[in-house]
Amino acid sequence: MTKNIAVIRGDGIGPEIVNEAIKVLDAVAKKFGHTFHYTDLLMGGCSIDANGEPLTDETIAACKASDAVLMGSIGGNTTTSPWYKLPAHLRPEAGLLKLRKSLGLFANLRPSVLYPELRGACPLREDISEKGFDMLIMRELTGGLYFGDRKTEPVDGVMTAIDTLKYDENEIRRIAVKAFEVAMKRNKKVTSVDKANVLDTSRLWRKIVTEVAADYPEVTLEHALVDSTAMQLVRNPSQFDVMVTENMFGDILSDEAAMVTGSLGMLPSASLNETKFGLYEPSGGSAPDIAGKNIANPIAAILSGAMMLRYSFDMNEEADAVENAVKKVLAEGFATGDIMRDGCKQVLCDEMGSLIAERV
Ligand code: IPM
Ligand code: MN
């Protein structure tokens, strides 16, 4: 098959980890007889530097014209980078949010797996980590606080800021359906996370998710409050299978879920719309402090490539090959600095990419 992939390397460690993802995709293309064409696009801080804005209409159009988007990461140090002196709508993150909205990417899938080889890197107590876990956070991505009206203005002489949290039933229903569909292919359990003891949006969320659940009698549905879920994630993460939640809660819980696996550098994500189209990026950030040093962990980007193969291209065998190559390299004891443990061999970002590509 021939596929056109839009590539947004972005800022910070983005360019170096995306290079390794492409190295692995090229190994897949060679082994399975596919052709992947890559189109480089700017977004985030690098686009601000080149074009004066974080996302141009040309970049949006080029993404739409492609079969899928592979992304690294965007943004810089929010206290020192000049990008954060700009008005909010011209900062790097505004580009990413606009891209998600323009492409209709409402469903963000963030798997979080504790690999047996990495139990030693898990910050939790051994009696918790030894149970392992394999969960998937289904984060709503184009609604809620991120996209509600906001303003900062004086009210009666007092400077006041307002952000609006809004969800309609259709937005909730479509993400709930995605969560139950994915749960049917996994362990058939959905935990819906909300703050229904306080928020109206959460009470509507609970009602609609419960309605959707009626169409999936085989799936067990559980409702949980977000504060309690944050606690359960470190107390007993093995209880979770699919977790579905609104945008802001999903942002926070997915970083927490990632960290309990041992490193933010391990976890991929897929952002999908109603079609096969998707944007694939690591769950973690641009890590400007280690950018350009060739020490970042490229596994999240490589596994994002595997998700692209699986979800956008229906190449399941190819995706398995990448995921197995990652497992193999970990089992052989290779590690980047972030997941380095006793007895392992520390490698650089590009070495890790080559090791995985060789094992595809
Ligand atoms: C993420 C990031 C983004 C978000 C930022 C960069 C806008 O933290 O993808 O989780 O909050 O969604
Ligand atoms: Mn985040």
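What you see is a predicted model; the values in this text were computed from it and never measured.

**A short note on the nonpolar core**
Among the nonpolar cores identified, the biggest contains 75 residues, and Phe36, Leu70, Leu109, Met138, Leu309 and Ile356 are the most heavily contacted of them. Taken domain by domain, the makeup of this core includes at least three residues from each of domain 1 (1–111 + 265–360) and domain 2 (123–260).

**Focus: the packing of helix α3 (residues 57–64) against helix α4 (residues 92–102)**
Interaxial distance between α3 and α4 falls to 11 Å at its minimum, and their mutual angle equals 40°. What the angle tells us is that α3 and α4 run oblique. Viewed along their axes, α3 and α4 form a crossing whose handedness is right-handed. Mapping the contact onto sequence places Asp57, Ile60, Cys63 and Lys64 in α3 and Lys98, Leu99 and Ser102 in α4. Of the residues assigned to the contact of α3 with α4, the class counts are three nonpolar, one polar and three charged.

**Some thoughts on unusual backbone geometry**
Although it is not a glycine, aspartate 156 sits at a positive phi angle of roughly 50°. Structurally, aspartate 156 is set in the loop between β6 (150–155) and β7 (158–163). In the Ramachandran plot, asparagine 294 falls in the positive-phi region, its phi being about 60° despite a non-glycine side chain. Relative to the helices and strands, asparagine 294 is located in the loop between β12 (278–282) and α10 (299–311).

**Comments concerning the state of the cysteines**
Chemically, a disulfide is nothing more than a covalent bond linking the sulfur atoms of two cysteines. For the structure on display, the rule yields zero disulfides. Left unpaired, cysteine 46 is separated from the closest cysteine sulfur, that of cysteine 63, by 12 Å. Lacking any disulfide linkage, cysteine 122 is separated from the closest cysteine sulfur, that of cysteine 344, by 15 Å. The buried category is assigned to cysteine 122, whose relative accessible area is 7%.

**Here we look at the packing of aromatic side chains**
Applying the stated criterion to the full structure yields three aromatic pairs. The ring of phenylalanine 147 carries the charged tip of lysine 101 above its face, separated from the ring centre by 4.7 Å. In this arrangement the basic side chain of arginine 174 is found over the ring face of phenylalanine 106, its NZ or CZ atom lying 4.2 Å from the centre.

How each quantity is defined
- Residues numbered from 1 in each chain as written.
- Chains lettered and ligands numbered in written order.
- Predicted model: local features only at pLDDT ≥ 70, side-chain atom pairs only at ≥ 80, totals over all residues.
- Heavy atoms only, no water.
- Core = buried A, V, L, I, M, F, W, Y, C linked by side-chain atoms within 4.5 Å.
- Buried < 20%, exposed > 50% of the residue type's maximum accessible area, 1.4 Å probe, protein only.
- Domains from an automatic or database assignment.
- Axes fitted to C-alpha atoms, helices over the stretch in contact; angles between N-to-C directions.
- Helix = DSSP H or I, 4+ residues; strand = E, 2+ residues; numbered from the N terminus.
- Parallel < 35°, antiparallel > 145°, perpendicular 65-115°, else oblique.
- Left-handed = near helix turned anticlockwise from the far one by under 90°.
- Contact = heavy atoms within 4.5 Å.
- Nonpolar A, V, L, I, M, F, W, Y, C, P; charged D, E, K, R; others polar.
- Disulfide = S-S within 2.5 Å.
- Phe/Tyr/Trp six-rings, centres within 6.5 Å; stacked < 30°, edge-to-face > 60°.
- Lys NZ or Arg CZ within 6 Å of the ring centre and 35° of its normal.

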